[in-house]
Amino acid sequence: MMPRIGLALAGGGPLGAIYEIGALCALEESITGLRLTQCQGYVGVSAGGFVAAGLANGIGPRELCRSFIENEGPPDDVFDPALLMRPAWGEFAKRLARAPGLAGGAALDYALGFATRSQVLDQLGRAMPTGLFSNRTVHQHLSRVFGAPGRSNDFRTLARRLVLVAVDLDSGDARPFGLPGHDHVPISLAVQASAALPGLFPPVEIDGRCYVDGVLRKTLHASVLLDEGLDLLICLNPLVPYDSPADAHRPADGARAPLARLVDGGLPQVLSQTFRTLIRSRMELGLRQYDQLHPDTDILLFEPDARDAKVFFTNPFSYSQRRRMAEHAYQATRTQLRARRAALGPRLARHGLGWSAALDDPRRTLLDTRPTPVGRANEALRRLETTLDALDAALTA
C-alpha cells in the first residue's frame, strides 16, 4: 500500500518560494521513493501556494527551478519575480479619483465642527491605496501555465487534493480554496489571493469578498490535510527569525556579517525580523497541536538555520542572487538531511522511503555553476550587433 504523504508549504514572498524550490529539489533527490508531484495532498499559503499549485499540476521541483529561478523553458512557464514590483496603477487611480470628494467633505465637516482632526484624518485615509504593487501578473501567468495540456486551473479536475488558504478581509476567517464549497475558484486566482500581503498588494476580490494573505491566520494551515488522514506530512517553512549575535556569524576570512545589529538596517530589517518572529512562534504552537491531534502521522519540518545570514539578507528580485539562494537552499537542505539522517531514517523507513546515494555526492549541485554558456553569450552579442546596426542605419539616414 502506497504511503499517504502530504506537503505543507508556508509563505515568504519570492524569497520563500526560491528557498522552497531549492529545498524540495534536495528532498526529492535525497530520499528514495519520494515523488513530490504524486503526494496525496498539498496545502500552500502565500508563496507556498505558488509552489504547491505547480506540484499538484505535475510540475516537478526541477521544472519549477528552471522556470522561476533560471528563467528557462517554455515561454509561458517562465516567471520573473521582478514582475511583482510593478506599481498598482489601477489601485492608485481608483483612490486618487476619490480624493477630491473625500478632502472636500472632510474640510467641510471640520469647518462646521462636525468632525475632529482625528476624524478628518480617518476620512482622508480612505484615499490611500491598499497596496503598493500589483500581483495580477500571478493570476495571469499561472492561468497560462495551468492551461497547458495535461494541467488544470480547476481544483475539481486535479488528480490530487490542493488547498490554497487566504483570509477574508471583512471577517478575518480563513478561506481554504480547493475544499468542497470553495473549489470553483480558478487555482491561479486563489494563488493570487493567498499571496496578497496587506500593504504590499491590494486585496483580491472573489465572489464579492476581498481576500488577503493566508499567513495572517496561520503559518502552515496543515490541519486541512491532516484531518483527511496522512501517514507522513512534510512541512517547509522558509522564514525563521535571524539569530545575529555580534560575534557568532563572522566568516572564516575575518569579515563581519552583513549586520551585527538588525536595527542598523533600518525599518525594512526590523519589520522583516518582526514578521518572521510572529509567524515562527505561531507555527511552533500549531505543530504542537498537530502532534497532539494526529499522533499517528509523522510530521517532518524543514527550515533554514536561524544563524543563516544568506537567507535573511538576500534580495529575491536579483537574478544572480536568486540563483545563489536556490543553490544555497539546496545545499543547506542536503547538509541538514545528513545531520538528521539517524533520526529521520527510521521515520522515513516506516513509509517505504530511504536514502539516496545522491545525498553523499559532494559534487552534486542544483544549478550549473559554470560560466554562462557560449551559445547564450553569442545570442546576446548577436542582439547587440543587430541593435547597433539598426542605430547606425538610422543615424546615416
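This text goes with the structure placed above it.
The model shown is predicted, which means the values in this text are computed figures rather than measured ones.

Trainee: Hey, could you run me through empty space enclosed by the protein in this one?
Mentor: Regions of empty space are outlined by a rolling probe, equal in size to a water molecule, passed over the atoms. Within the structure shown, the criterion is met by two cavities of 30 Å³ or more. Considering only enclosed or pocket space, the second largest cavity measures out at about 40 Å³ in volume. Val240, Tyr242, Arg276, Pro304, Asp305, Ala306, Asp308, Val311 and Phe312 are the residues that line the second largest cavity. Split by residue class, the lining of the second largest cavity holds six nonpolar, no polar and three charged.

Trainee: Mind showing me how you'd approach the environment of Tyr42 here?
Mentor: Relative to the helices and strands, Tyr42 is located in strand E3 (residues 41-45). A residue is classified by how much of its surface remains accessible, and Tyr42, at 0% relative accessible area, is buried. The spatial distance from the C-alpha of Tyr42 to the C-alpha of Leu162 is 4.8 Å, given a sequence separation of 120 residues. With near-sequence residues (within four places) excluded, Tyr42 lies in contact with Leu7, Leu36, Thr37, Ala52, Leu55, Ala56, Arg160, Arg161, Leu162, Val163 and Leu225.

Trainee: Would you explain the pairing of strand E5 (residues 174-177) in this entry?
Mentor: For strand E4 (residues 161-168) and E5, the ladder comprises four bridges, and the chain directions are antiparallel. Residue pairing in the sheet places Val167 in a bridge with Ala174 of E5. Taken together, E4 and the strand that follows it, E5, pair antiparallel across an intervening segment of five residues, in which Gly172 is found at a positive phi of about 80°.

Trainee: How should the side chain of Thr314 be read in this particular structure?
Mentor: Assignment of secondary structure puts Thr314 in the loop between helix H10 (309-313) and helix H11 (319-339). Residue classification places Thr314 among the buried positions, given a relative accessible area of 16%. At a separation of 2.3 Å, a polar atom in the side chain of Thr314 contacts the main-chain carbonyl oxygen of Lys310. If we ignore the near neighbours within four places in the chain, the residues touching Thr314 are Leu15, Gln321 and Met325.

Trainee: Just to check I follow, could you spell out the pairing of E4 for this structure?
Mentor: Consecutive residues of a regular strand have side chains that alternate between opposite faces of the sheet. Of all eight residues that make up E4, seven are buried, and the element is covered over most of its length. Bridge count between E3 and E4: five bridges; the pairing is parallel. Each bridged residue has a counterpart across the sheet, and for Tyr42 the counterpart in E4 is Leu162. Note that E4 and strand E7 (residues 209-213) share three bridges and pair antiparallel.

Trainee: Please explain the packing of aromatic side chains as it appears in this structure.
Mentor: Here the distance between the centres and the angle between the planes together describe a pair of aromatic rings. Counted by the stated rule, this structure contains eight aromatic pairs. Centre to centre, the rings of Phe50 and Phe79 are 5.7 Å apart; their planes meet at 45°, and the pair counts as tilted. Taken together, the positions of Phe50 in helix H2 (residues 47-56) and Phe79 in the loop between helix H3 (61-69) and helix H4 (89-111) put the pair 29 residues apart, joining distant regions of the chain. For Phe50, a relative accessible area of 13% gives the class buried. The class of Phe79 is buried, set by a relative accessible area of 2%. Members of the aromatic cluster, joined through ring pairs, are Phe50, Phe68 and Phe79.

Cut-offs used in this document
Residues numbered from 1 in each chain as written. Predicted model: local features only at pLDDT ≥ 70, side-chain atom pairs only at ≥ 80, totals over all residues. Heavy atoms only, no water. 1 Å grid on protein atoms, 1.4 Å probe; cavity = no way out; pocket = protein on both sides within 12 Å on 5 of 7 lines; lining within 4 Å. Points joined across faces, edges and corners; volume = space filled by probe spheres on them. Nonpolar A, V, L, I, M, F, W, Y, C, P; charged D, E, K, R; others polar. Helix = DSSP H or I, 4+ residues; strand = E, 2+ residues; numbered from the N terminus. Buried < 20%, exposed > 50% of the residue type's maximum accessible area, 1.4 Å probe, protein only. Contact = heavy atoms within 4.5 Å. Pairing = 2+ DSSP bridges. Polar contact = N/O pair within 3.5 Å; in protein donor to acceptor, adjacent residues only side chain to side chain. Phe/Tyr/Trp six-rings, centres within 6.5 Å; stacked < 30°, edge-to-face > 60°.

By themselves, these are just geometric observations and shouldn't be taken as functional.
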